[in-house]
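# Fold and contact review
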Amino acid sequence: MGDVFVARPLMPPIDEYFEEVKSIWETKWLTNVGHKHNELEKKLCDFLGGAYVGLVVNGHAALELAIQAYGIEGEIITTPFTFVSTANAICRVGAKPVFCDICENNYTIDPDKIEKLVTTKTKAILPVHVYGNICYVDEIKRIADKYGLKVIYDAAHAFGVRYRGKPVSCVGDSSCYSFHATKVFNTIEGGAVCTNNYEIYKKICVLRDFGINGEGDTIAIGGNAKMNEFSAAMGICNLRHISDAILYRKAMAELYDSLLEDIPGIRTNTVQENVESNYSYYPIIINPNEYGHSRDDLFIELQKHDIWTRKYFYPIITEMPAYKGKYECDTPIAKSISEKIMTLPMHDSLSKEDVGRICEIIRSYYRY
Ligand code: T4K
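Residues numbered from 1 in each chain as written. Predicted model: local features only at pLDDT ≥ 70, side-chain atom pairs only at ≥ 80, totals over all residues. Heavy atoms only, no water.

### Thoughts on the overall build of the protein
Tallying secondary structure elements over the protein gives 11 helices and 15 strands in all. Compactness check: the protein gives a C-alpha radius of gyration of 21 Å against a globular reference of 21 Å for 368 residues, within 12% of the reference. Relative to its full complement of 368 residues, the protein shows a buried share of 53%. In the protein, of all internal contacts separated by at least 6 residues, the share reaching a separation of at least 24 is 72%. Surface exposure of the protein reaches about 16400 Å², of which carbon and sulfur atoms provide 52%. (Helix = DSSP H or I, 4+ residues; strand = E, 2+ residues; numbered from the N terminus. Rg over C-alpha atoms; globule rule 2.2 N^0.38 Å. Buried < 20%, exposed > 50% of the residue type's maximum accessible area, 1.4 Å probe, protein only. Contact = heavy atoms within 4.5 Å. Areas by Shrake-Rupley, 256 points an atom, 1.4 Å probe, with all protein chains shown as cover.)

### A short note on the packing of helix H3 (residues 59–69) against helix H6 (residues 198–207)
Direction vectors running N to C along H3 and H6 enclose 120°, while the axes themselves pass 9 Å from each other. By the angle class used here, H3 and H6 are oblique. Between H3 and H6 lies a crossing whose hand is right-handed. Contact with H3, carried on its side by Leu65, Ala66, Gln68 and Ala69, involves Ile200, Lys203, Ile204 and Leu207 of H6 and no other residues of that element. (Axes fitted to C-alpha atoms, helices over the stretch in contact; angles between N-to-C directions. Parallel < 35°, antiparallel > 145°, perpendicular 65-115°, else oblique. Left-handed = near helix turned anticlockwise from the far one by under 90°.)

### Section: unusual backbone geometry
Of note, the bond from Tyr312 into Phe313 is cis; its omega dihedral lies within 30 degrees of zero at 5°. Here Phe313 lies in the loop between strand S14 (307–308) and helix H10 (332–340). Going from Tyr314 to Pro315, the amide bond is cis rather than trans, its omega being -10°. Considering the arrangement of structural elements, one finds Pro315 in the loop between S14 and H10. Of note in the backbone geometry, Lys28 takes a positive phi value of approximately 55° without being a glycine. Locating Lys28 in the fold gives a position in the loop between helix H1 (14–27) and helix H2 (35–48). Judged by relative accessible area, which is 66%, Lys28 ranks as exposed.

### Some points on the environment of Val4
Tracing the sequence through the fold places Val4 in strand S1 (residues 4–5). In this structure Val4 comes out as buried when scored by relative accessible area, which is 5%. The sequence separation of Val4 and Leu344 amounts to 340 residues, and the corresponding C-alpha distance is 9.7 Å. With residues up to four places along the chain from it excluded, the contact list for Val4 reads Asp306, Ile307, Trp308, Pro345, Leu350, Asp354, Arg357 and Ile358.

### A short note on the environment of Phe5
Its place among the elements puts Phe5 in strand S1. What makes Phe5 partly exposed here is its relative accessible area of 33%. Sequence separation between Phe5 and Leu350 is 345 residues, and the spatial gap between their C-alpha atoms is 8.7 Å. Beyond its immediate sequence surroundings of up to four residues, Phe5 is in contact with Trp308, Pro345 and His347.

By themselves these figures say nothing about function.
What follows is the structure, given as structure tokens:
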């Protein structure tokens, strides 16, 4: 039996990719907003349901550029239960992250705890959709409207997720996607800001290209965050297969659910009402008192069988050396979840047999 990884990239048949990149040899146009780039932006507008999609070099750049495009320099309310990129983006553009706790049931920001963190310096909320679960978007909108705050979603885990029948990128002011190799949809490395605001889209375009608006017209201090043509071609190909890939993930998630449901101390994820998930990740919570082992024990046990799970997200950001002691943080639920959570392998190369074997190891290890 070979290694089973937590994630594997979605890859089109190699001939399909060759066919797609052939024209690059004719045009010799490799980067700087080429044909493939523009084609992918258009196709993603349709898929993500936003009026504008600004492609960038990765999901982290999408976050930094979105915050910069809104000119936010004050406090931004987010959660410590996310990939470190979220908080790094806030800090690196000169804003201050204010950490809010999450909900026990879906691991996203707890809207009941946001309001008491709002101060005169608060400029935005940056909630994070996690694993394919979405934030309480309606409650977040109500709070943002009440205090005049922008809402920029970290939608790195939410590509293809739909809420009440519409792509989830339709909520909030902007949604930032990651198209990293390990994500549901990838452009090898890549990302995008999806927005309905033309001014913001234009700012993203300028900021990703050194701040250049046209020849001799540098209007902002931007960096280089442009997506190259090979990445865009990968995206064009992968977009043709994404619906099948998500359906396959759904089937694997349902298989996990059925095989894990009666193991004491193992809690699986529940797909939310009115949400079509993308099954980005398959998180489980391990309750050591009932299961007989901690999350860390199970992590090692699975490794012994070449099953490579991940502790997404452990530790919480405020416990990382770069952040510890620098920010006030009253987030007991996030801390407790981060100590009990593990994401099991979930991708479109996972076989039913892999899932069966993983669940059998988890079952046999119960109180062993
Ligand atoms: N916001 C959130 C909420 C995010 O989760 C992320 C990224 C971002 C923002 C920032 O987006 P990007 O700037 O990355 O676009 C990974 C990814 O690097 C990162 O994209 C992701 N989140 C994070 C949650 O996970 P690692 O260090 O855990 O990944 P790595 O390299 O260990 O890969 C995991 C598994 O995937 C490996 O065991 C094998 C497999 N793999 C990986 C790669 C890179 C492959 O099979 N092929 C590959 O090419 O960070």
